[in-house]
Amino acid sequence: MATTSEQLPLLAENDNKVPWYLLDLPRYLKGFGILTVIYIGLRLYQGAFAVLSGLDSTEPAFEQYWMRLFKIELGVLVLFVTGMWGYLWFSRDRHLDTLSPREEIRRYFTLTMWISIYTFAVYWAGSYFAEQDNSWHQVAIRDTPFTANHIIEFYFNFPLYVILGGSAWLYARTRLPLYAKGISLPLTLAVFGPFMILVSVGFNEWGHTFWFREEFFAAPIHWGFVIGVWFALGVGGILLQGVTRLIELIDELEEKP
Amino acid sequence: MSANLTKQIFRPYTGEKARITRAYDYLILVLALFLFIGSFHLHFALTVGDWDFWIDWKDRQWWPLVTPLMGITFPAAVQAVMWEKFRLPFGATLCVTALLIGTWITRVFAYHYWNYFPINMVLPATMLPGALVLDAILMLSNSLTITAIFGGAAFALLFYPSNWPILGMFHEPIEYGNGQLTVADLFGFQYIRTGMPEYLRIIERGTLRTYGQYAAPLAAFCSALLCSLMYTLWWYIGKWFATVRYLNKI
């Protein structure tokens with residue numbers, strides 16, 4: 001069987017009571033925890049400084065509190081995407097043809113955890129901070145595309161879920177035989193469709209050069225975001241692909257009490 | 001389809017295999033919850049948005065028409081997978097519950113605690129009764145046609161009455177500045193928003209509130225017709241997205 005860094009935890013007998021198919025569960029829970037701290041931290045930052053220094057982009061305080069945060073976010077995202085995608089690619093399994101059913105099952109669980117982390121980021125970007133954008137622009141006139149909520153939503157949350165979705169795609173492509181042989185259409189739709197939401201920011205901000213209030217949140221200028229998020233329904237296809245393969249793999253396992 | 005299912009012999013997993021499948025179920029549950037809160041909420045906020053955000057936008061012309069029409073989309077798409085492939089009869093209820101969780105969290109923390117809108121001004125509407133009926137009709141009929149016609153219509157027709165106990169008190173008439181308003185209107189005039197001109201241009205345009213009690217039921221029946229069509233369309237959109245194809249290149 002091929003041995004990669006992915007399998008090292010399996011080689012050492014796991015004595016921490018976590019079943020072999022859930023070996024990545026602690027990392028998954030840590031991922032949830034880290035993301036929760038980041039998102040709540042950003043929301044608390046908004047609560048502390050948005051009204052104080054985020055109403056007028058020409059004020060020096062805006063540069064200090066908001067544009068500096070924007071630059072920090074970009075730096076963190078560049079480092080994260082380089083490190084994560086680089087790790088996933090360079091640690092790829094080059095001997096997928098000799099993968100055991102047990103290891104493949106474990107990797108399907110890890111892929112599901114990756115997609116789950118991706119959907120958690122989609123929650124913050126698509127639900128909380130997206131609607132919060134309406135709340136903010138109903139009380140604050142926008143005089144820049146870098147408003148106190150956009151700096152979080154458009155330039156951090158959107159790229160972050162794209163990076164996490166891309167990580168799930170790369171994980172599947174580099175570690176699971178079926179995803180390596182062919183490109184999964186539903187997984188690609190579920191990752192690249194919402195990526196187009198990030199691209200729609202350009203259309204949205206161009207439109208808002210004509211309308212600097214938030215007159216109408218359901219206006220057609222926002223529908224680029226809507227079409228992008230429909231592609232998240234591709235997760236149904238990923239589930240079907242995963243369940244079909246898992247049934248085959250589980251049937252190959254020996255019965256154990 | 002159900003006749004074929006009963007002929008098959010299912011041998012439930014036991015032991016470790018049962019634990020593996022159960023653990024996978026829990027992972028999917030967490031994944032699906034955040035997926036539908038995030039995706040359905042974004043779709044909903046940017047198509048129904050203003051009618052759901054504000055108490056004074058919940059009028060009799062557009063709100064009962066637009067909300068079920070856009071709200072039946074994801075439930076239909078998810079039912080197409082959950083019922084057809086897994087025989088799980090709660091696709092619509094799952095979507096609408098996820099949406100409610102997302103909207104409530106946002107209304108409290110983004111509207112009330114950040115920008116000080118009174119929570120009564122930003123109460124989300126509910127589509128839960130309609131979603132329960134939609135799921136029940138699909139489960140009992142096992143038919144896309146029957147669910148589209150009767151479930152889609154019920155989803156739209158139940159919307160206004162199921163929200164009335166929550167929102168009716170804000171439609172009480174009051175006299176203010178020598179004019180007649182509702183309590184909801186007064187909220188809107190007291191808490192000025194940048195979207196104010198659009199509210200005045202769109203809400204109850206044409207009726208001037210002189211169309212008596214008929215505007216809301218007319219909007220609901222119009223929505224019922226459109227929901228039947230929208231349900232069918234989104235059922236097939238859901239099926240299309242749930243493809244299991246692998247491609248050679250993209």
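Because the structure is a prediction, the values reported are computed rather than measured.

Rules used throughout
Residues numbered from 1 in each chain as written. Chains lettered and ligands numbered in written order. Predicted model: local features only at pLDDT ≥ 70, side-chain atom pairs only at ≥ 80, totals over all residues. Heavy atoms only, no water. Helix = DSSP H or I, 4+ residues; strand = E, 2+ residues; numbered from the N terminus. Buried < 20%, exposed > 50% of the residue type's maximum accessible area, 1.4 Å probe, protein only. Contact = heavy atoms within 4.5 Å. Areas by Shrake-Rupley, 256 points an atom, 1.4 Å probe, with all protein chains shown as cover. Lys, Arg positive; Asp, Glu negative; His and termini not counted. Charge placed at Lys NZ, Arg CZ, Asp CG, Glu CD. 1 Å grid on protein atoms, 1.4 Å probe; cavity = no way out; pocket = protein on both sides within 12 Å on 5 of 7 lines; lining within 4 Å. Points joined across faces, edges and corners; volume = space filled by probe spheres on them. Nonpolar A, V, L, I, M, F, W, Y, C, P; charged D, E, K, R; others polar. Buried area = accessible area lost by both parts, 1.4 Å probe. Salt bridge = Lys/Arg side-chain N within 4 Å of Asp/Glu carboxyl O. Polar contact = N/O pair within 3.5 Å; in protein donor to acceptor, adjacent residues only side chain to side chain. Core = buried A, V, L, I, M, F, W, Y, C linked by side-chain atoms within 4.5 Å.

Student: Can you walk me through the overall build of chain B in this structure?
Tutor: Across its full length, chain B carries 12 helices and three strands. Overall size of chain B, expressed as C-alpha extent along the three principal axes, is 75 × 40 × 40 Å. Taking all 250 residues of chain B together, the buried fraction comes to 55%. Here the contacts in chain B between residues at least 6 apart in sequence split such that 73% fall between residues at least 24 apart. For chain B, the exposed surface amounts to about 11700 Å²; the carbon and sulfur share of it is 68%. A gap of 17 Å separates the mean positions of the 17 positive and 13 negative side-chain charges of chain B.

Student: How should empty space enclosed by the protein be read in this particular structure?
Tutor: Empty space among the atoms can be located by rolling a probe the size of a water molecule over them. Residues and elements named next belong to chain A. Counted by the stated rule, this structure contains six cavities of 30 Å³ or more. Estimates place the volume of the largest cavity at around 120 Å³. Around the largest cavity, the lining comprises 14 residues; the ones closest to its centre are A130, D133, F154, F217 and F225. Where the lining of the largest cavity is concerned, the elements lending two or more residues are α4 (101-137) and α5 (150-175). Looking at the lining of the largest cavity residue by residue, the class counts come to seven nonpolar, three polar and four charged. There is about 60 Å³ of room inside the second largest cavity. In terms of lining residues, the second largest cavity is bounded by 14 residues, among which G54, L55, I141, D143 and T147 are the most central. Of the residues that constitute the lining of the second largest cavity, the class distribution is six nonpolar, five polar and three charged.

Student: Sorry if this is basic, but what is going on with the interface of chain A and chain B here?
Tutor: As a measure of interface size, the accessible area lost when the parts come together is often cited. On the chain B side, the residues contacting the 77 residues of chain A number 70 residues. Interface area, chain A with chain B, both sides summed: about 6600 Å², of which 70% is carbon and sulfur. If you sort the residues of chain A by the area they bury against chain B, E131, Q138 and L233 of chain A come out on top, with a joint share of 11%. Where chain A packs against chain B, one counts two salt bridges. Note that E255 of chain A and K17 of chain B form a salt bridge whose closest N and O atoms lie 3.5 Å from each other. Run the count over chain A and chain B and you get 28 residue pairs in polar contact (both at pLDDT 80 or more). Only α2 (25-53), α4, α6 (177-181), β1 (183-184), α7 (185-207), α8 (223-230) and α9 (235-252) of chain A provide two or more residues apiece to the side of chain A that touches chain B. Residue contributions to the side of chain A that touches chain B peak at 20 residues, all from α4 of chain A.

Student: Just to check I follow, could you spell out the nonpolar core for this structure?
Tutor: What tends to happen in soluble globular proteins is that the nonpolar side chains get buried as a cluster. I105, F109 and Y161 of chain A together with W51 of chain B are the most contacted members of the largest nonpolar core, which totals 157 residues. Per element, the largest residue contribution to this core is 19 residues, and it comes from α4 of chain A.

Bear in mind that shape data such as this cannot, by itself, settle questions of function.
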